[in-house]
Amino acid sequence: MQKEIAVIRGDGIGPEIIEQALRVLERVAVRYGHTFHFIDVDMGGCALDRWGEPLPAKELRKCLDSDSVLLGAVGGEKRNNVPAELRPEKGLLSLRKALGVYSNNRPAKVWPQLSAVSPLKKEIVDRGIDFLIVRELTGGIYFGEHRTEEKEGITTSVDVLEYSETEIERIGRIGFEAAGKRKKKLCSVDKSNVLASSRLWRKVMHRLAEEYPDILLTDMLVDNCAMQIVRDPSQFDVIVTENMFGDILSDEASMITGSIGMIPSGSLGKGPRGLYEPIHGSAPDLAGKDEANPIGTILSAAMMLRYRFDLPEEAAAMENAVSKYLDAGWRTADIMQEGKKKAGCRRCGQVIMENL
Ligand code: IPM
Ligand code: MG
């Protein structure tokens, strides 16, 4: 198989973690007889420095012309004072929108080797943590109007949260279908006691439920969900929720599995092309220190092989290589445990690659 993969290294630890994922992908290509062409794309702060904008049209074009997009991380404190339109994060949001990837799938699963790293009590972890957050990715407050104005001498800011029935329905279907492939339990998370958009969300979810009689649909308010994720995460199978709630809940969900550095994500939508990225940020404080955990990125690349290129065997081999690395006692700083061997970012990638 020959594929063109647009690769966005981005900012902070982005380049380091991507480097390791590419080494692993190269090894998979050799082992299984594929050719992956990596096309470098500038996005985020690095694009801002080089081209004056976070996602130049010609860089976006490379993504649109590729078979899939693999992303490290973008953003960082350094650009906190630039205008909103030029923020590195704006590049990421524009990319998601341009690719039409409205469904972001973020698994929260404890690796057996890391159950002791979870900040939750052992008895809670032992009940099992294995759920999927389906986050709406191209709508809601992230994409509504943002403005700041002076009103009678007082600065006031507005962010608009808007959802149409169509947007809710298409992400709802992804939730129901994902649950259908798992334990058939879908929890729809909203804030319908306060927000109109959440009341519409709930109405659409219930209407859809009639089409999926084998799926058990429950509703949960987002504040309660934040609490339930730490109280008893074993109750969840698939969670479907809007953009900002999904952003927040997926960070929480990743933490209870041990480290945000371990969690991959895949974003899908209208076209076949997807966007694969770890869920953590650019961690500028770790940049260049060879301390970051590249596993979230490596597993994102595995998701890309499984879901985009239909290469389940290769994806499983990559996941297996990660598992063997953990079995051998290697740990990056974020998941370090007593008696284990400390690995830097490069070593981590090296060992995983050699396990293939
Ligand atoms: C994420 C990140 C992004 C988001 C930021 C970097 C804009 O936190 O992918 O979860 O909020 O979507
Ligand atoms: Mg986030």
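Colleague: Please give an account of the packing of helix α8 (residues 222-231) against helix α9 (residues 243-256) that cites residues and values.
Modeller: Put simply, α8 and α9 touch, their axes get as near as 10 Å, and they point 10 degrees apart. Judged by the inter-axis angle, α8 sits roughly parallel to α9. Contact residues: Val-222, Cys-225, Ala-226, Ile-229 and Val-230 in α8; Phe-245, Leu-249, Glu-252, Ala-253 and Ile-256 in α9. In the contact of α8 with α9, the residues fall into nine nonpolar, no polar and one charged.

Colleague: Give a detailed account of the sheet that holds strand β5 (residues 130-136), specifying residues and quantitative values.
Modeller: Taken in spatial order, the ten strands of this open sheet run β2-β1-β3-β12-β11-β4-β5-β10-β8-β9, and their pairing is mixed. If you trace the sheet from one side to the other, it starts and ends with β2 (35-41) and β9 (216-221), each paired once. Bridging between strand β4 (residues 103-109) and β5 involves seven bridges; their strand directions are antiparallel. By the bridge assignment for β5, Pro-107 is matched with Leu-132. Lying over the sheet, helix α3 (residues 57-64) contacts β1 (2-10), β2 and β3 (68-73), oriented at roughly 160 degrees with respect to β2. Set on the sheet, α8 makes contact with β5, β8 (185-190), β9 and β10 (238-241); between it and β9 the angle comes to about 105 degrees.

Colleague: Describe helix α1 (residues 14-32), with residues and values.
Modeller: Between its terminal C-alpha atoms α1 stretches 27 Å, which fits the 27 Å expected from 19 residues at 1.5 Å a residue. Those residues of α1 that fall on the buried side of the exposure criterion are Gly-14, Glu-16, Ile-17, Ile-18, Gln-20, Ala-21, Leu-22, Val-24, Leu-25, Val-28 and Ala-29. Contacts made by the buried residues of α1 are with β1, β2, β3, α10 (295-308), α11 (312-327) and α12 (345-354). Directly after α1, the chain includes Gly-33, whose backbone phi takes a positive value near 75 degrees.

Colleague: Could you give an account of the domain arrangement of the protein chain, with specific residues and numbers?
Modeller: Under the domain assignment, the protein chain is made up of domain 1 (1-102 + 263-356) and domain 2 (119-256). For domain 1 and domain 2, the distance between their C-alpha centres works out to 25 Å. Contact with domain 1, which involves nine residues of that partner, is made by twelve residues of domain 2. Summing both partners gives a buried area of about 1,000 Å² for domain 1 against domain 2, and 67% of it is carried by carbon and sulfur. The tally of links between domain 1 and domain 2 comes to zero salt bridges.

Colleague: Let's hear about the site of ligand 1: which residues, and what values?
Modeller: Around ligand 1, the structure places Glu-89, Arg-96, Arg-106, Arg-135, Tyr-142 and Asp-247. Residue Arg-106 places a side-chain N or O atom 2.9 Å away from an oxygen atom belonging to ligand 1. Surface burial for ligand 1 is 80%, taken as the share of its 320 Å² of free accessible area covered by protein chains. Class assignment for the residues of the shell around ligand 1 results in one nonpolar, no polar and five charged.

Colleague: Go over the nonpolar core, please, and point to the residues and values.
Modeller: Leu-25, Leu-70, Leu-305, Met-318, Tyr-325 and Ile-352 are the most contacted members of the largest nonpolar core, which has 41 residues in total. Of all the secondary-structure elements, those providing two or more residues to this core are β1, α1, α10, α11 and α12. Here this core takes eight residues from α10, the largest share from any one element. Those residues in contact with Met-318 that lie beyond four places of it in its chain are Val-24, Leu-25, Val-28, Ile-298, Ala-301, Ala-302, Leu-305 and Leu-356.

Colleague: Summarise the pattern of salt bridges; cite the residues concerned and give the values.
Modeller: Should the charged atoms of two oppositely charged side chains come close, the side chains can pair. Across all of its chains, the model carries 24 salt bridges by this definition. The salt bridge partner of Asp-40 is Arg-9, with a shortest N-O separation of 2.8 Å. With Asp-40 in strand β2 and Arg-9 in strand β1, this residue pair connects regions lying 31 residues apart in the sequence. Judged by its relative accessible area of 22%, Arg-9 is partly exposed. The salt bridge involving Arg-147 is made with Glu-145; its shortest N-O contact spans 2.7 Å.

Colleague: If you had to explain the side chain of Ser-323 to someone new, which residues and values would you point to?
Modeller: Secondary-structure assignment places Ser-323 in helix α11. Using a relative accessible area of 18% as the deciding quantity, one classes Ser-323 as buried. For Ser-323, the side chain forms a polar contact with the side chain of Gln-113, separated by 3.0 Å. Once you skip the residues sitting within four places of it in the chain, Ser-323 turns out to touch Trp-111 and Gln-113.

Colleague: Give me the environment of Gly-91: which residues, what numbers.
Modeller: Of note, Gly-91 is situated in helix α4 (residues 88-99). Sequence separation of Gly-91 and Val-69 is 22 residues, and the distance between their C-alpha atoms is 14 Å. When near neighbours in sequence (up to four residues on either side) are disregarded, Gly-91 contacts Met-43, Pro-54 and Leu-55.

What counts and how
Residues numbered from 1 in each chain as written. Chains lettered and ligands numbered in written order. Predicted model: local features only at pLDDT ≥ 70, side-chain atom pairs only at ≥ 80, totals over all residues. Heavy atoms only, no water. Axes fitted to C-alpha atoms, helices over the stretch in contact; angles between N-to-C directions. Helix = DSSP H or I, 4+ residues; strand = E, 2+ residues; numbered from the N terminus. Parallel < 35°, antiparallel > 145°, perpendicular 65-115°, else oblique. Contact = heavy atoms within 4.5 Å. Nonpolar A, V, L, I, M, F, W, Y, C, P; charged D, E, K, R; others polar. Pairing = 2+ DSSP bridges. Expected span 1.5 Å × (residues − 1). Buried < 20%, exposed > 50% of the residue type's maximum accessible area, 1.4 Å probe, protein only. Domains from an automatic or database assignment. Buried area = accessible area lost by both parts, 1.4 Å probe. Salt bridge = Lys/Arg side-chain N within 4 Å of Asp/Glu carboxyl O. Near = heavy atom within 4 Å. Polar contact = N/O pair within 3.5 Å; in protein donor to acceptor, adjacent residues only side chain to side chain. Areas by Shrake-Rupley, 256 points an atom, 1.4 Å probe, with all protein chains shown as cover. Core = buried A, V, L, I, M, F, W, Y, C linked by side-chain atoms within 4.5 Å.

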